[in-house]
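Here are the chains, one letter per residue:
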Amino acid sequence: MILDKKGQAEIGETIIALLIIIFLIVAGIFVYYGFCSRSLGSLGQERTDVENLILLHIFASLPETKCENDDCIDILKVFGFKELIKDNKDYYSRRFKDKKILLEFIYPESNNKNIECNKDRFQQGSFPKNCGFLIVYDNLKTESEYSVSLPVSLYFSNTNEFKIGLLKVQGVEWILKGRLRF
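Notes on the structure in this doc start here. (Residues numbered from 1 in each chain as written. Predicted model: local features only at pLDDT ≥ 70, side-chain atom pairs only at ≥ 80, totals over all residues. Heavy atoms only, no water.)

Another aspect to go through is helix 2 (residues 75–87). Between the first and last C-alpha of helix 2 there are 19 Å, a value that for 13 residues agrees with the 18 Å anticipated at 1.5 Å per step. All of the buried residues in helix 2 are Ile 75, Val 78, Phe 79, Phe 81, Lys 82 and Ile 85. One side of helix 2 holds all its buried residues, which, seen down the axis, span an arc of 160°. Taking the backbone nitrogen of Leu 76 as reference, a side-chain oxygen 3.1 Å away marks Asp 74 as the first, capping residue of helix 2. (Helix = DSSP H or I, 4+ residues; strand = E, 2+ residues; numbered from the N terminus. Expected span 1.5 Å × (residues − 1). Buried < 20%, exposed > 50% of the residue type's maximum accessible area, 1.4 Å probe, protein only. Arc of directions from axis to C-beta. Polar contact = N/O pair within 3.5 Å; in protein donor to acceptor, adjacent residues only side chain to side chain.)

Set out below in structure tokens:
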């Protein structure tokens, strides 16, 4: 009887040791998975940033919006470009995808920086002081606080002036979309 109890105790100790080892292996797998997912998250974020910076550069150098002789964005051409986007929605939706592109007038500051510029405001004599930003392209399905921006020179042909602006691309991060695109 004493040998049977000793054998049962050794089997119990072996089972407890195996359970502890299995628990440690499972915990290690979860820690490794967490580390890998964070690592992939940062790679996805870097990829999204690079894509948006490339899009900013492409937009700033489009002949549809670029000044003729200077390295700037012509606001009059941007209004025409908005109409071109409406006429060729399929082409530009493939090119710009699910992003929002906007121009923000930075310097000199305007008292109306929360008002969007449109054709009616452009035709007023107080333009560009009567508005603060211009949405060039908007195909965002949801609101997004994620954006990448680039300072640009803006040319206002109605006043023959150059001003400083911020070209922004807003988009939904891949984490918010629930998938990783490579």
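Taken as a whole, this structure holds 1 disulfide when the rule is applied. There is a disulfide in this structure between Cys 67 and Cys 72, and the S-S distance comes to 1.9 Å. On the sign convention where negative is left-handed, the bridge of Cys 67 and Cys 72, at about -120° about the S-S bond, is left-handed. The same class applies to Cys 67 as to Cys 72, namely buried. (Disulfide = S-S within 2.5 Å.)

The next subject is the nonpolar core. Grouped together as the largest cluster of nonpolar side chains are 29 residues, with contacts concentrated most on Phe 59, Phe 96, Ile 101, Leu 103 and Leu 167. Of all the secondary-structure elements, those providing two or more residues to this core are helix 1 (2–60), helix 2, helix 3 (89–96), strand 2 (99–107), strand 3 (133–138), strand 4 (147–156) and strand 5 (161–171). Here the element with the most residues in this core is helix 2; it accounts for 5 residues. Apart from the residues lying within four places of it in its own chain, the contact partners of Ile 101 are Leu 55, Phe 59, Phe 96, Leu 134, Ile 135, Val 136, Tyr 137, Leu 167, Lys 168 and Val 169. (Core = buried A, V, L, I, M, F, W, Y, C linked by side-chain atoms within 4.5 Å. Contact = heavy atoms within 4.5 Å.)

Right, let's get into the packing of helix 2 against helix 3. Two elements in contact, helix 2 and helix 3, have axes separated by 5 Å at closest approach and are oriented at 105°. What the angle tells us is that helix 2 and helix 3 run roughly perpendicular. Contacts from Phe 81, Leu 84, Ile 85, Lys 86 and Asp 87 in helix 2 reach Lys 89, Tyr 92 and Phe 96 in helix 3. Split by residue class, the contact of helix 2 with helix 3 holds 5 nonpolar, no polar and 3 charged. (Axes fitted to C-alpha atoms, helices over the stretch in contact; angles between N-to-C directions. Parallel < 35°, antiparallel > 145°, perpendicular 65-115°, else oblique. Nonpolar A, V, L, I, M, F, W, Y, C, P; charged D, E, K, R; others polar.)

Such coordinate-based values are descriptive only and should not be taken to indicate function.
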